[in-house]
Structure formats: structure tokens, C-alpha cells
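Listed below are the residues making up each chain.
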Amino acid sequence: MGKAADLSEFDRGQIVMARRLGTSITETARLVGCSRSAVVSIHAKWINDGDTSSRRQGVGRPHVFKEKGRRRLSRLVKQNRRQTVTQLTAQYNAGPSASVSEHTFQWTLLDMGLCSRRPTRMPPLTKRQHQVRLQWAREHRDWTMDEWKRVAWSDEFRFLIHHVDGRVRVRRLPGEQLLPSCTADHTQAGGDGIMLWETFSWATLGPVVVVEQTMKAANYLNIIAGQLHPYMAFVFPTGNGIFQQDNAPCHKARIVLEWFEEHTDEFHLMSWPPNSPDLNPMEHIWDVMERQLRAQTPPCPNISSLRARCLDIWYKLSPVMYQKLVSSMPRQVAAVLKAKGGATRY
């Protein structure tokens, strides 16, 4: 089996892409034709250094892109981070430089650390939001796992028939995820699709509701009264449950807050910091569902099939997966404290 030092730049790029797509170490090694240790070392090098290049001297062909060419390529990427390799290649070759193939572009971008990643859903935080997030983390840093297990998490997400909702890719270096050009609001994506509201806790998945219209206060009140209320009563019969929701306008409407106030003897409403999707484990579940949805073939032909597939994926989610997300909350709180209220990776 090939060692890490003997692999070409193309093979190294293939390893990185396979691992980023969730392919196992063993399967990646089989696909590329190398050892498992080579997969581990090359992927670790990409994570730590932002490139996969071998440092052995005199091995392989010389770089097509010299320093000047790489600077130009970097400028082209920053002008429009959503361009594909094909688009970047055509734009670069339209200049005075010699023609470069898409294959060369692909491994050069990987070598430079300019990999294609999902846009960050979380826009930059204000000073006030930093302070509120930091205060929230301080209030929850001593929570035990028993306390986190009493939380029911919730969120809304829009799934589209066509593969665009939250799945646009941007090219960025590690550490650039909060640049304005690398962020996106997944709730603003267009196209035909469905909006889902879901909740879960350590104990079990909760109901999933297909939101037929725009989520307004009246719609949301119907959901929490008709779906959330019986779920909380079933999972937390002693009234010690805690419900989490973000600060969307419909969640903070007067009629909604009054309803929660009327039911404080049955469960409590968690105080939630603004602009904090990185702290909500539901965001990770959306990612899992989206990947599973897009991996299915053939693609959804209509809204009806999209709805059926989303519901099927939700009810088959593994308890090990969502319990692991709840278990990560102490680490999430510690990360916010370390960042002094700033954004964390999620």
C-alpha cells in the first residue's frame, strides 16, 4: 500500500475530499490505493496546515502555478467565492497566462487551502451579542448532564427540492468563516420546498410539523399548544422540562410568551442568547438530514415526495447521534467562554 510521501498531489486532494464527504478512513484508503495511516496523516496535515503538499524534494512535476499565478488565483477566488472550478479555470485562462487544466486548478486550490465549504449561517456578532452570549455561557457552565438532558431543543428549517438551500459552497481558508463573503442566511434561499419545525431531547425525538404557510405568531402558537405541549408532558411528567427556542419574531410575540407564562408549572422556557445557531444542536441535525436527503436517488420530483422523505429521515435518526449532540453542550459552553462570547465552530 502506498505511503503518504509517495502519493501524488491529486491523490492527496482525493483523500481530503473523500474524508470531508464523510467517507471512512478504510474506504478512502481502498479508493485511493494507499495505507490507512497515509489517509490519517494527510487529512490531519490538511486540517492543521491548510494544505496537503509533500515536502520531499525532487518528487513529482514542478508546480504549474508560480507565486504570481497563485496570488492571481487567490484574487479571483475572493472576487466571487461561489465560483466552481470550471468557472475559475475559464476566467483564469481568459487572461494572458498559459492555458491551465481544471485538474491542475483543482489540486492547486486544495494545495492553497482554498477548499469548497458551506457558507457560515451565522453573521458577525455585535458587541452586545458577545456580552449576552458570554453571560449565558457563565450561567450554564456548571450545568450537569442531568440538567442538559431536561432540555427540549427546537428550530425551523427549509428544505428545497433543488439542491441550493444552505448548500451553496464558498472557497475560503480556515479562519475565514465569519467574513461577510463567506456567510449566508439559509432562511433566505428561494425555490419550491417545505418548512419543518422539529423538537427533540435526550430521551426521544419529538413531533415534526410541516409549516404550510409563513411561520407567524398564530401558526407558532398552534404548534406549541398542539404539538409541543403534549410532548413535554409525556417526556417530563414531573414538570422539570426546559424548552429552547431561538429569538425569531414569531417566538417572541406577546401571545406566544403569554402562553409560556401560563404553563410555567409544566415546563420552563430557556433564556436563549441572540444570533446563536452555533449553540443549538438542532443545526447539526439539519445538516445530517440534508446530507441524507441529497444522497438519495433519484432526486425528489415534487413537494409531496420531499415531504415524505424528510419525515422518513427524521423518524429514523439514531438516538446515539442526537444524544451525542446533547452530550456536547458542556464543550459548547466552554468554547463560548474561551471565545469571550464570540462565535464557535459548529
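This structure is a prediction, so every number in the text was calculated from the model and none was measured.

Help me out: how do you make sense of the confidence of the model for the protein chain in this one?
As a note on interpretation, predicted positions should not be read in detail where pLDDT is low. This prediction gives the protein chain a mean pLDDT of 82; 81% of its residues lie at or above 70. Averaged over each element, pLDDT in the protein chain is lowest for strand β1 (residues 115–117) (65) and highest for strand β6 (residues 241–243) (98). In this model, residues 185–190 is a region of pLDDT below 50 whose contacts with residues beyond four sequence positions or in other chains number 11 contacts.

It is not clear to me how the sheet that holds β6 should be interpreted in this structure. Could you clarify?
Strands pair in a sheet through their backbones, by hydrogen bonds, and they do so in one of two ways: parallel or antiparallel. Overall, mixed pairing links the 5 strands, which are arranged β5-β4-β2-β6-β7 in an open sheet. Each edge of the sheet is formed by a strand with only one pairing partner; in this case those strands are β5 (205–211) and β7 (267–269). Across the sheet, the axes of successive neighbouring strands diverge by a mean angle of 25°, strand direction being ignored. Both strand β4 (residues 193–200) and β5 contribute to a ladder of 5 bridges, which runs antiparallel.

Hey, could you run me through the nonpolar core in this one?
Inside soluble globular proteins, nonpolar side chains tend to come together where they are buried. The biggest cluster of nonpolar side chains holds 38 residues, and the ones touching the most others in it are Trp 148, Phe 159 and Ile 285. Listed by contribution, the elements that provide at least two residues to this core are α7 (127–140), β2 (151–160), β4, β5, α11 (282–295), α12 (303–315), α13 (319–327) and α14 (329–338). Grouped together as the second largest cluster of nonpolar side chains are 22 residues, Val 209, Tyr 220, Ile 223 and Ala 248 included.

Could you clarify how one ought to interpret the packing of α7 against α14 in this entry?
How two helices pack is summed up by the angle between their axes together with the distance between the axes. Where α7 meets α14, the closest approach of the two axes is 9 Å, and the angle between their N-to-C directions is 135°. By the angle class used here, α7 and α14 are oblique. With respect to the hand of their crossing, α7 and α14 are arranged in left-handed fashion. Here Arg 133, Leu 134, Trp 136, Ala 137, Arg 138 and His 140 of α7 lie close against α14, whose contacting residues are Met 329, Val 333, Val 336 and Leu 337. Classifying every residue of the contact of α7 with α14 gives 7 nonpolar, 1 polar and 2 charged.

Before we go on, may I ask you to explain the pattern of salt bridges in this structure?
A side chain with one charge can pair with a side chain of the opposite charge if their charged atoms come near. Counting across every chain of the model gives 4 salt bridges. For Glu 258, the salt bridge goes to Arg 254, with nearest N and O atoms at 3.2 Å. Residue Glu 258 and its partner Arg 254 are both found in helix α10 (residues 254–262); the two are separated by 4 residues, about one turn of the helix. The exposure class of Glu 258 is partly exposed, given its relative accessible area of 37%. You can call Arg 254 exposed: its relative accessible area is 59%. Taking the shortest distance from any N to any O, the salt bridge between Glu 290 and Arg 294 comes out at 3.9 Å. Remark: Arg 294 and Glu 290 occur in helix α11; sequence separation between them is 4 residues, near one turn of the helix. Residue classification places Glu 290 among the buried residues on the basis of a relative accessible area of 1%.

How should helix α4 (residues 67–79) be read in this particular structure?
Structurally, the α-helix is built with 3.6 residues per turn, so residues lying three or four positions apart point the same way. The end-to-end C-alpha distance of α4 is 19 Å, a good match for the 18 Å that 13 residues give at a rise of 1.5 Å each. Within α4, the full set of buried residues consists of Gly 69, Arg 70, Arg 72, Leu 73, Ser 74, Leu 76 and Val 77.

Please explain the side chain of His 140 as it appears in this structure.
One can find His 140 in helix α7. Leaving out residues up to four positions away in the same chain, His 140 has contacts with Trp 148, Met 270 and Val 333.

It is not clear to me how the environment of Val 209 should be interpreted in this structure. Could you clarify?
On the secondary structure map, Val 209 appears in strand β5. Residue Val 209 is classed as buried on the basis of its relative accessible area, which comes to 16%. Each C-alpha atom, one on Val 209 and one on Leu 311, is 9.2 Å from the other, the two residues being 102 residues apart in sequence. In contact with Val 209, other than residues within four places in its own chain, are Met 195, Leu 196, Trp 197, Ile 223 and Gln 227.

Procedures and definitions
Residues numbered from 1 in each chain as written. Predicted model: local features only at pLDDT ≥ 70, side-chain atom pairs only at ≥ 80, totals over all residues. Heavy atoms only, no water. pLDDT = per-residue confidence, 0-100. Helix = DSSP H or I, 4+ residues; strand = E, 2+ residues; numbered from the N terminus. Contact = heavy atoms within 4.5 Å. Pairing = 2+ DSSP bridges. Axes fitted to C-alpha atoms, helices over the stretch in contact; angles between N-to-C directions. Core = buried A, V, L, I, M, F, W, Y, C linked by side-chain atoms within 4.5 Å. Buried < 20%, exposed > 50% of the residue type's maximum accessible area, 1.4 Å probe, protein only. Parallel < 35°, antiparallel > 145°, perpendicular 65-115°, else oblique. Left-handed = near helix turned anticlockwise from the far one by under 90°. Nonpolar A, V, L, I, M, F, W, Y, C, P; charged D, E, K, R; others polar. Salt bridge = Lys/Arg side-chain N within 4 Å of Asp/Glu carboxyl O. Expected span 1.5 Å × (residues − 1).

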